[in-house]
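A closer look at the structure
Now for the letters of each chain:
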Amino acid sequence: MASREKPLVIVTRKLPAPIERRMAELFDVRFNETDRPMEQPALVAAVREADVLVPTVTDRIDRAVIEQAGPRLKMIANYGNGVDNIDIQAALNRNLLVTNTPNVLNEDTADMTMALILAVPRRLVEGGTRLLGDEKWPGWSPTWMLGSRIWGKKLGILGMGRIGTAVARRAKAFGLEIHYHNRGRVSPRTEAEFGATYWESLDQMLARMDIISVNCPYTPATYHLLSARRLALIQPHAFIVNTARGEIIDEKALVKLIEQERIAGAGLDVFEEEPAVDRKLMKLARDNKVVLLPHMGSATIEARIEMGEKVIINIRTLMDGHRPPDRILPGQI
């Protein structure tokens, strides 16, 4: 670490108050009081000066930023599980440690995934909005606001990691039939727990599912994993839910297929050009074809505090001369 008694830690966004207080006690810390995303010049200035940078998903820590890091910078302690906002290889080339906050968001993200799995087929947002409109609700009717049953339907989980497994646990309780595609099969014990069917071929799974849940991490290998060709395999009555990363789905192709009624609808918590949302996608939401949420999957008080606690542990471990527990290793890229 640097010779100063406390490391200079620069945080790019406003964090929960208990985390900022604890950081202020432990480190020479500089917070982003405005909570506006930092532009590249500000990020460059931060890495030139800091011992530790604490970025979030909204910060693009690319090669151009990392190559201008000063001699003090030792670690990029990401406030988040995904590290697709950071050029990991460029950081490793500069002998910079990169850490994240794993195993914190699993349950909250799975809850949000399950909420969308329910909301889209059962038209929950549309129904709630009707009560707030100018038109008076006429009362119950046998044929009004009919959605689709989820009990007994086939759920295809794309990415059976920690979050995907947590989704499977919830979905099984709702009577969904669990299917999954993954880089490799999960343990026989996990498959038996959910009665899960493994599909080596993603194409074959997509063509047979009623609901598809995207729960894999975003990497160069998963960019547009659900491409226009693969999206065209999905049955017209099926729904897609994505609480992972928007770039995994070819969003323009998805919009086109929903417009053409070749896919029944979608529930999206993430977007390909986030924070921008495609205007055609917004129109589909107004037409009640999709449910859109503003990246709320991990937005619980408990999760955000636990994320901050992990960041603090990683920094303190580095200060003590040890390897942080949540460092990203070359094999994980």
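Residues numbered from 1 in each chain as written. Predicted model: local features only at pLDDT ≥ 70, side-chain atom pairs only at ≥ 80, totals over all residues. Heavy atoms only, no water.

On to the UniProt feature "domain: D-isomer specific 2-hydroxyacid dehydrogenase NAD-binding" (unreviewed entry) in the protein chain. What UniProt calls "domain: D-isomer specific 2-hydroxyacid dehydrogenase NAD-binding" (unreviewed entry) maps, in this numbering, to residues 114–297. Along residues 114–297 the backbone is 34% helical and 15% strand, and the end-to-end C-alpha distance reaches 11 Å. (UniProt positions renumbered as here; feature names shortened; annotations may be inferred. Helix = DSSP H or I, 4+ residues; strand = E, 2+ residues; numbered from the N terminus.)

The subject of this paragraph is helix H5 (residues 106–122). For H5, built from 17 residues, the straight-helix expectation of 24 Å at 1.5 Å per residue is met to within 8% by its first-to-last C-alpha distance of 24 Å. For H5, the tally of buried residues reaches 12 of 17 residues, placing the bulk of the element in the interior. Among the residues making up H5, those that are buried are Asn-106, Asp-108, Thr-109, Ala-110, Met-112, Thr-113, Met-114, Leu-116, Ile-117, Ala-119, Val-120 and Pro-121. Note on H5: the residue one or two positions beyond its end, Arg-123, has a positive phi of about 60°. (Expected span 1.5 Å × (residues − 1). Buried < 20%, exposed > 50% of the residue type's maximum accessible area, 1.4 Å probe, protein only.)

The sites that carry the UniProt feature "domain: D-isomer specific 2-hydroxyacid dehydrogenase catalytic" (unreviewed entry) are, in the present numbering, residues 10–327. Across residues 10–327, helical content stands at 38% and strand content at 13%; the span's end C-alpha atoms are separated by 18 Å.

At a minimum axis distance of 10 Å, the contact between helix H11 (residues 251–259) and helix H12 (residues 279–286) shows a crossing angle of 35°. Handedness of the crossing formed by H11 with H12: left-handed. Seen from H11, the contacting residues are Glu-251, Val-255, Ile-258 and Glu-259; seen from H12, they are Lys-280, Leu-281 and Leu-284. For the contact of H11 with H12, the residue count by class is four nonpolar, no polar and three charged. (Axes fitted to C-alpha atoms, helices over the stretch in contact; angles between N-to-C directions. Left-handed = near helix turned anticlockwise from the far one by under 90°. Contact = heavy atoms within 4.5 Å. Nonpolar A, V, L, I, M, F, W, Y, C, P; charged D, E, K, R; others polar.)

Most peptide bonds adopt trans geometry, and most residues besides glycine take a negative phi value. That bond from Glu-274 to Pro-275 is cis: its omega, 10°, falls within 30 degrees of zero. By secondary structure assignment, the location of Pro-275 is in the loop between strand E11 (265–268) and H12. A positive phi angle, close to 60°, is found at Asn-95, a residue other than glycine. Among the secondary structure elements, Asn-95 is positioned in the loop between helix H4 (88–93) and strand E5 (97–99). Accessibility expressed as a relative area gives 69% for Asn-95, which makes it exposed.

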